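A closer look at the structure
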Amino acid sequence: GENVEQHPSTLSVQEGDSAVIKCTYSDSASNYFPWYKQELGKRPQLIIDIRSNVGEKKDQRIAVTLNKTAKHFSLHITETQPEDSAVYFCAASGGTNAGKSTFGDGTTLTVKP
Amino acid sequence: GAVVSQHPSWVICKSGTSVKIECRSLDFQATTMFWYRQFPKQSLMLMATSNEGSKATYEQGVEKDKFLINHASLTLSTLTVTSAHPEDSSFYICSARDWALRDTQYFGPGTRLTVL
């Protein structure tokens with residue numbers, strides 16, 4: 001089945017700096033890669049996603065890049081703000097386990113004011 | 001749009017009792033719903049995939065007789081934790097997939113279960 005590895009597990013940045021979180025996946029057939037933000041005690045919220053036919057997608061301060069050959073994708077947050085502090089999860093789906101999402105272990109992002 | 005509700009948001013029960021958790025898609029039809037379990041500071045662990053009108057598919061290691069899942073309509077799936085024990089205490093989250101949006105999953109707010 002699919003295996004997703006996420007790095008780093010914790011990330012601390014100064015307000016205004018950029019943050020980058022990276023994920024690798026094992027199933028070359030996976031074709032959908034969402035990113036979720038989860039605040040303490042709350043539900044994961046989809047913040048951006050990318051499909052395998054696209055290399056990059058941007059939504060205001062958030063961008064995701066995908067390298068299918070290397071089987072890795074990354075989340076980029078620019079001009080970070082304290083409210084960006086949360087746990088971020090990457091996921092992969094659509095491969096041999098079609099429909100099911102495999103999640104990374106999460107990255108705890110702290111943005112210091 | 002794409003709102004998923006979950007009820008109850010928290011529940012405390014005695015060991016040996018059963019607890020039912022409901023997951024509803026409020027403004028879309030969800031042919032597939034997923035049930036996850038999340039321990040503190042850990043990732044989401046998929047327990048089972050629930051398809052409307054058919055039996056749920058459980059992940060390896062998840063006891064289907066303990067975690068009963070029913071998906072009777074396109075907007076409702078239920079998870080029943082039978083004969084709950086303290087080790088079943090956890091945060092249970094459902095998600096629903098909008099068939100029109102293919103793979104996109106929307107999560108419910110979660111249910112905090114504490115078994116005494």
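Throughout what follows, the structure given in this document is the object of discussion. Numbering of residues begins from 1 in every chain and follows the order in which that chain's sequence is written. Chain labels run from A onward and ligand labels from 1 onward, assigned in the order the entries are written. Local features in this predicted model are restricted to residues of pLDDT 70 or higher, and side-chain atom pairs are both shown and tallied only at a pLDDT of 80 or more, whereas totals for entire chains, interfaces and linings draw on every residue. For side-chain calculations, the full set of non-hydrogen atoms in the structure is used, while hydrogens and water are omitted.

1. Thoughts on the layout of surface pockets
Spelled out, the test is: Using a 1 Å grid laid over the protein atoms alone, points where a 1.4 Å probe fits but cannot get out form a cavity; open sets with protein on both sides within 12 Å along at least 5 of 7 lines form a pocket; any residue with an atom within 4 Å of a point counts as lining. Grid points are joined across faces, edges and corners, and a volume is the space filled by probe spheres set on the points. What counts as a helix is a DSSP run of H or I of at least four residues, what counts as a strand is a run of E of at least two, and both are numbered from the N terminus. Polar here means any residue other than Ala, Val, Leu, Ile, Met, Phe, Trp, Tyr, Cys and Pro, which are nonpolar, and Asp, Glu, Lys and Arg, which are charged; Gly is therefore polar.
In this structure, the largest pocket spans a volume of roughly 470 Å³. Lining of the largest pocket is provided by 22 residues; of these, Leu40 and Val87 of chain A together with Pro40, Lys41 and Gln42 of chain B occupy positions nearest its centre. Of all the elements in the fold, those that place two or more residues in the lining of the largest pocket are β9 (86–93) and β11 (107–112) of chain A. For the lining of the largest pocket, the element with the highest residue contribution is β9 of chain A, accounting for three residues. Of the residues assigned to the lining of the largest pocket, the class counts are seven nonpolar, ten polar and five charged. Size it by volume and the second largest pocket reaches roughly 320 Å³. As for the second largest pocket, its lining consists of 15 residues, of which Glu2, Ser101, Thr102 and Phe103 of chain A together with Leu46 of chain B are closest to the centre. Every element with two or more residues in the lining of the second largest pocket is listed here: β10 (101–103) of chain A together with β5 (44–51) of chain B. Of the residues belonging to the lining of the second largest pocket, the class tally is six nonpolar, five polar and four charged.

2. Let's talk about the side chain of Glu2 of chain A
All names here are of chain A. For clarity, the cut-off: Partly exposed describes any residue whose relative accessible area lies between the buried limit of under 20% and the exposed limit of over 50%, with all areas from a 1.4 Å probe on protein chains only and scaled to the type maximum. As used throughout, the charge tally considers Lys and Arg to be positive and Asp and Glu to be negative, leaving His and the chain termini uncounted. A carboxyl oxygen of Asp or Glu within 4 Å of a side-chain nitrogen of Lys or Arg is what we treat as a salt bridge. Polar contact criterion, stated in full: a pair of N or O atoms within 3.5 Å, where within protein one must be able to donate a hydrogen and the other to accept it, and residues adjacent in sequence count only if both atoms are side-chain atoms.
Secondary-structure assignment places Glu2 in the segment before β1 (4–7). For the buried residue Glu2, which engages in no salt bridge, the nearest side chain bearing the opposite charge is Lys71, 7.5 Å off. A distance of 2.7 Å separates a polar atom in the side chain of Glu2 from the backbone nitrogen of Ser26. Within the structure, Glu2 has its side chain in polar contact with the backbone nitrogen of Asp27 (distance 2.9 Å).

3. Brief notes about the sheet that holds strand β3 (residues 19–25) of chain B
Residues and elements named next belong to chain B. Just so we agree on the cut-off: Should DSSP find at least two bridges between two strands, the strands are taken to pair. Helix axes use the C-alpha atoms of the stretch in contact, all axes being lines fitted to C-alpha atoms, and the angles between their N-to-C directions lie in the range 0 to 180 degrees.
Pairing is antiparallel across the open sheet formed by four strands, whose spatial order is β1-β3-β8-β7. The outermost strands of the open sheet, each flanked by one partner alone, are β1 (4–7) and β7 (67–73). Pairs of neighbouring strands in the sheet enclose a mean axial angle of 15°, with direction left out of account. For β1 and β3, the ladder comprises four bridges, and the chain directions are antiparallel. Bridging from a neighbouring strand, Gln6 pairs with Cys23 of β3.

4. Some words on the state of the cysteines
Heads up, the rule is: A pair of sulfur atoms, both from cysteines and within 2.5 Å, is called a disulfide here.
Under the criterion given, the structure shown has two disulfides over all chains. Between the sulfur atoms of Cys23 of chain A and its disulfide partner Cys90 of chain A the distance amounts to 1.9 Å. For the disulfide bridge between Cys23 of chain A and Cys90 of chain A, the dihedral angle about the S-S bond is near -100°, and by the sign convention the bridge is left-handed. Taken together, the positions of Cys23 of chain A in strand β3 (residues 19–25) and Cys90 of chain A in strand β9 put the pair 67 residues apart, joining distant regions of the chain. Across this residue pair, the class does not change: Cys23 of chain A and Cys90 of chain A are buried. Through a disulfide, Cys23 of chain B is tied to Cys94 of chain B; the S-S separation comes to 2.0 Å. Classification of the bridge connecting Cys23 of chain B and Cys94 of chain B rests on its S-S torsion, roughly 80°, and on that basis the disulfide is right-handed.

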